[in-house]
Amino acid sequence: MPDKSFYATTPIYYVNDAPHIGHAYTTVAGDALTRWRRQRGESVVFLTGTDEHGTKVQRKAEENGVSPQEWVDRLVAEHWRPVLETLDIANDDFIRTTEKRHRIGVQRFWEVLQESGQVYPEAYEGPYCVGCEEFKVAADLEEGTGEFAGQQVCRIHHRPVEQLSEQNWWFRLSDYTQPLLEHYERHPDAVAPRSAYNEVVSFIRQGLSDISMSRSSVSWGIPLPWDEEQVVYVWFDALLNYITAIGYGDESRTGFFDRTWPADVHLVGKDILRFHAVYWPAMLMAAGLPLPGQVFAHGWLLVGGEKMSKTKLTGIAPTAITDVFGTDAFRYYFLRAINFGADGSFSWEDMRDRYTAELANGLGNLASRSAAMIGKYYDGILPEPGPYSNADLVLQDHLARAALDADAAMLALDFSTAIGAVRGFIDAVNHYVTDQEPWVLAKDEERRERLGTVLYTIAESLRAISVLYHPIMPGSMATLWQSLGAGESVGPLADQLVTDIGWGRLAPGSTVAKPGQLFPRLPDEETP
Ligand code: MSP
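Residues numbered from 1 in each chain as written. Predicted model: local features only at pLDDT ≥ 70, side-chain atom pairs only at ≥ 80, totals over all residues. Heavy atoms only, no water.

A. A look at the packing of aromatic side chains. Summed over the entire model, instances satisfying the criterion amount to 37 aromatic pairs. Seen from the ring of Trp 300, Lys 270 lies directly overhead, with NZ or CZ sitting 4.7 Å from the centre. (Phe/Tyr/Trp six-rings, centres within 6.5 Å; stacked < 30°, edge-to-face > 60°. Lys NZ or Arg CZ within 6 Å of the ring centre and 35° of its normal.)

See the structure below:
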């Protein structure tokens, strides 16, 4: 049987509105991780998609005077699919919860649980936050202020909760308190970072209560197979996307499902940790399915100290940034500037500073200087290296170490450290250029061989950089790769292993062209 694929997921996003950079952040992280895994030679499945049912989406459609189906079709076509192009995401699949494959899988799953006695009918009385799409308890609420003074509001959305009173079906979550605690004791990496793990374990330790798994007063959802009057509670519909997308409930896809499940990592924002690290594994246990390897809870992009959100009108559209800086700089910036797992604030100044220092000056200049020198001294033909000096060998060692460090960091989802390792190498190459002074060597015909070695070393360093940075900045690194003539020498960039970075792969004699402006100067910097 073929090996299991590395399976990574993003949350599926609510289509009550268009995406903002908070959504883009998770998707970009998943894309960089899975591109890296592919370049380790692994078989990968990367899934993203949209969460289309529930009260929030239904009301938004009503406000806009269209049916929920029309609304979600429009939002997905006009915003959620196009944003993947904007961000250069290489996802393997895109699941929508309104698809038939999902509905069939969800109904099958809950039927299995109902038949094994894990679901029972009971009245629900209590608060519900439509923003969170979540049944709340007193501890989740606080006194409202301003226009909501005197009312109980959700701690996350700061808006009043609604009082529900309905007859629902309940899932026996309380049966899983002990099994979940044992699971997390045996798998201390199953939730990361550590702070998230501790939060989950202490929540479970308080003891889990049964939870309503259906809604009777909502019509926009997936009907329960045994009670058509009710729809599956939106979270217990949405979480199942991780298995319905890969063939749960579809006999013809059993082989693929077995090669893919369990997920290796679910990437989520910390706001939805409890759903993924408590309810989801309990559901899987109830169905007798293996549990995911890890739930990684990353931090929030903040605006004014609060989570960026469309509801609070603080969302920035990804194109507002990519239109100025380009897609690759967007991807680079968010993975580099924020520690994955911690909160971070986006700032135009910081983005501009890093773009200029690290991308335009650090890497872009190196690439264009290197091509210009090979053009000038060798008519654009890559020279043959002579014997390597100590300085050359030190640089080669640095590269080998940087590749190992970047790999270890990427596997740990520490994107910032991984990028830092490559950046350290770029700095070293820039120093090497300054120290070796190829423009001085070029004046002395007797040092022609040394000049060739230095220029070859720089070009070969750029080849390695383009491989290591490709998962982060696929577009510009492909341009760099082609400009080095690497495609002619060693084939497509996407096939290059980050775990076999090597040295001396570029074939002397191949054509080196100017890569153009990899990271163009920003508009107002051109003005004197
Ligand atoms: N539909 C649910 C998830 C179901 S998964 C089975 C949901 N959707 S959401 O549209 O609200 O998006 C949630 C995810 O978007 C977060 O978990 C996070 O990954 C990302 N982000 C949304 N706003 C964010 C920030 N301000 N900062 C960082 N990420 C954020 O919850």
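That covers the picture; the talk isn't over yet.
B. How the structure looks around the site of the ligand. The local shell around the ligand holds 24 residues, among which Ile 12, Thr 26, Asp 51, Gly 269 and Leu 301 are the closest. Relative to its unbound accessible surface of 660 Å², the ligand loses 96% to contact with the protein. Counting residues per element, the ones that place at least two in the shell around the ligand are β1 (6–14), α1 (21–38), α8 (234–238) and α9 (241–244). The leading source of residues in the shell around the ligand is β1, at four residues. (Near = heavy atom within 4 Å. Areas by Shrake-Rupley, 256 points an atom, 1.4 Å probe, with all protein chains shown as cover. Helix = DSSP H or I, 4+ residues; strand = E, 2+ residues; numbered from the N terminus.)

C. Spotlight on the sheet that holds strand β17 (residues 306–307). The mixed open sheet is built from three strands, whose spatial order is β17-β16-β18. Single-partner strands in this sheet number two, and they are β17 and β18 (344–345). Here strand β16 (residues 301–303) pairs with β18 via two bridges, running parallel. Looking across to β18, one finds that Leu 302 is bridged to Ser 345. (Pairing = 2+ DSSP bridges.)

D. Highlighting the pattern of salt bridges. Evaluation of the coordinates by the stated rule reveals 28 salt bridges. Asp 88 is the partner of Arg 35 in a salt bridge, and the nearest nitrogen-oxygen pair spans 3.6 Å. Separated by 53 residues along the polypeptide, Arg 35 in helix α1 and Asp 88 in the loop between α4 (82–86) and β3 (93–96) bring together distant segments of the chain. Between Asp 73 and Arg 96 there is a salt bridge; the shortest N-O distance is 2.7 Å. Of the two residues, Asp 73 is situated in helix α3 (residues 68–80) and Arg 96 in strand β3; the sequence distance between them amounts to 23 residues. For Asp 73, a relative accessible area of 33% translates into the label partly exposed. Its relative accessible area of 14% is what places Arg 96 among the buried residues. It is possible to trace a salt-bridge network through shared partners that takes in Arg 336, Asp 350, Arg 354, Glu 358, Arg 423 and Asp 427. (Salt bridge = Lys/Arg side-chain N within 4 Å of Asp/Glu carboxyl O. Buried < 20%, exposed > 50% of the residue type's maximum accessible area, 1.4 Å probe, protein only.)

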